[in-house]
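# Structural characterization, general
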Amino acid sequence: MVELRWQRWILACAMAVAGPVAAAPSWAELAYQPVALGWSAREVDDASAGSTRALVERARAQGLEGCRRYCAQLQRVFARLVPLARLQTERARHLPWTLTVLRSADVDAMALPGGRLLISEVFLREQHLDDAMLAFVLAHEMSHSILEHERQTLQYARQLLPRNVRRSVADMYVEIDYNYTLLKSLEPVMQAGEFEADELGLLLASAAGYAPARQLRFIEAAAAQPEGAAPLVRTHPAARERLARLRERLPLALRIFAAARAAKTASATSAHRAARS
Ligand SMILES: [Zn+2]
């Protein structure tokens, strides 16, 4: 969603995961296809990509593009999440899911509407992310793309502006950048998107086989920190609130995790039998 212009979903590619899409078992169908949104998904993606290209180019100029220390971990976790992301909506099935890795402190983890993710190894090192925590972070970002939060927020913003003016996506970002009242009005929409991405992220990563309680250690660590001064616009809910909502979803996440493990065991058993016959 619109995490302010300089923080929008970002981009580019270093790791791509392709492959056939399997039919979704019912426990893996976790999301919905948003409807009645303005502009095309492509228009929103293109407008977002332009403003973040500079971030990657700056990292490249500084020799900070690409993974060094966490390549295997990132590849392993991302590859497990992508098939689940593709099962969620018809649009997500066809997104070019890719992950770009930087070693810059300019960014933590972000996603473009079109399924391209960005993460920094500085963030991984500082947060001490193991596989389950990283799965939650990546699945949260993927959920923003699946649920088209950027497009949803832009649609909401348009409804707050005079109706007799035609506006492109780029026009909307100009409004958001310079119209504080509009940006402030988007706060609850942006925060709702964060709660939604947390929830779908937790469930997606659980379906991919990551233990729910272990995933939550990422938010638990954030919730244990002092909150600090309130920003002018709070794009994200407080970590304590996010943790409380996530804990409400733990029973569901545990059932999905158990179903995923049972399906994996059944598949391994039948493969073993086939190999012996
Ligand atoms: Zn988010």
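The model shown is predicted, which means the values in this text are computed figures rather than measured ones.

Another aspect to go through is the nonpolar core. Ranked by internal contacts, the top residues of the largest apolar core, which has 57 residues, are Leu-81, Ala-135, Leu-138 and Leu-204. Per-element accounting of this core gives the leading share, ten residues, to helix H5 (residues 131-146). Leave out the neighbours within four places in its chain, and Leu-81 touches Ala-135, Leu-138, Ala-139, Met-142, Leu-204, Ala-205 and Ala-208. Ranked by size, the runner-up nonpolar core spans ten residues in total, among them Ala-47, Tyr-173, Leu-186 and Met-190.

What follows covers helix H12 (residues 239-248). All of the buried residues in H12 are Arg-242, Leu-243 and Leu-246. Seen along its axis, H12 keeps its buried residues to an arc of 100°; they face one direction. For H12, the secondary structure elements touched by its buried residues are helix H9 (187-207) and helix H11 (217-223).

For the rest of this paragraph, the subject is unusual backbone geometry. Positive phi, close to 55°, is recorded for Trp-39, a residue that is not glycine. Position of Trp-39 among the secondary structure elements: in the loop between strand S1 (15-16) and helix H1 (41-61). In this structure Trp-39 comes out as partly exposed when scored by C-beta crowding, with 17 C-beta atoms within 10 Å. The backbone of His-128 shows a phi angle near 50°, a positive value even though the residue is not glycine. Tracing the backbone through its elements, the reader meets His-128 in the loop between helix H4 (121-127) and H5.

With that out of the way, let us pick up the environment of Ala-157. Tracing the backbone through its elements, the reader meets Ala-157 in helix H6 (residues 149-159). On the basis of neighbour count, Ala-157 is assigned to the buried category, with 22 C-beta atoms found within 10 Å. If we skip the residues at most four places from it in the chain, Ala-157 touches Met-172, Glu-175, Ile-176, Leu-182 and Leu-186.

Positionally, His-144 belongs in helix H5. His-144 gets classed as buried once you count the C-beta atoms within 10 Å, which come to 26. With 56 residues separating them along the chain, His-144 and Leu-200 place their C-alpha atoms 9.0 Å apart.

Attention now goes to the pairing of strand S2 (residues 98-102). A regular strand places its side chains so that they alternate between the two faces of the sheet. Across the five residues of S2, five count as buried, placing the element largely inside the fold. Judged by which residues are buried, S2 turns out to be covered on both faces: Thr-98, Thr-100 and Leu-102 on one side and Leu-99 and Val-101 on the other are all buried. Across five bridges, S2 lies against strand S4 (residues 116-120) in parallel orientation. Among the inter-strand pairings, Val-101 is bridged to a residue of S4, identified as Ile-119.

The subject of this paragraph is helix H2 (residues 71-86). End to end, H2 covers 22 Å across 16 residues, agreeing with the expected 22 Å (1.5 Å per residue, within 8%). Leu-74, Val-77, Phe-78, Leu-81, Val-82, Leu-84, Ala-85 and Arg-86 are the residues of H2 that are buried.

The next thing to look at is the packing of H2 against H5. Direction vectors running N to C along H2 and H5 enclose 45°, while the axes themselves pass 10 Å from each other. As summarised for this structure, H2 and H5 are arranged oblique, according to the angle between their axes. The hand of the H2/H5 crossing is right-handed. Of the residues in H5, those in contact with Gln-73, Val-77, Phe-78, Leu-81 and Ala-85 of H2 are Asp-131, Leu-134, Ala-135, Leu-138, Ala-139, Met-142 and Ile-146. For the contact of H2 with H5, the residue count by class is ten nonpolar, one polar and one charged.

Moving on: the pairing of S4. Most of S4 sits out of view: five of its five residues are buried. Every second residue of S4 is oriented toward a common face, with Arg-116, Leu-118 and Ser-120 on one face and Leu-117 and Ile-119 on the other, all of them buried. Here strand S3 (residues 109-111) pairs with S4 via three bridges, running antiparallel. Across the sheet, Met-110 pairs through a bridge with Leu-118, a residue of S4.

Of the residues in the protein chain, 91% reach a pLDDT of 70 or more, and the chain-wide mean stands at 87. Throughout residues 1-14 the model reports pLDDT below 50, and contacts reaching past four residues in sequence, or to other chains, amount to 59 contacts.

Here is what the cut-offs are and how they apply
Residues numbered from 1 in each chain as written. Predicted model: local features only at pLDDT ≥ 70, side-chain atom pairs only at ≥ 80, totals over all residues. Core = buried A, V, L, I, M, F, W, Y, C linked by C-beta atoms within 7 Å. Buried ≥ 20, exposed ≤ 12 C-beta atoms within 10 Å, placed from the backbone. Helix = DSSP H or I, 4+ residues; strand = E, 2+ residues; numbered from the N terminus. Contact = placed C-beta atoms within 7 Å. Arc of directions from axis to C-beta. Pairing = 2+ DSSP bridges. Expected span 1.5 Å × (residues − 1). Axes fitted to C-alpha atoms, helices over the stretch in contact; angles between N-to-C directions. Parallel < 35°, antiparallel > 145°, perpendicular 65-115°, else oblique. Left-handed = near helix turned anticlockwise from the far one by under 90°. Nonpolar A, V, L, I, M, F, W, Y, C, P; charged D, E, K, R; others polar. pLDDT = per-residue confidence, 0-100.

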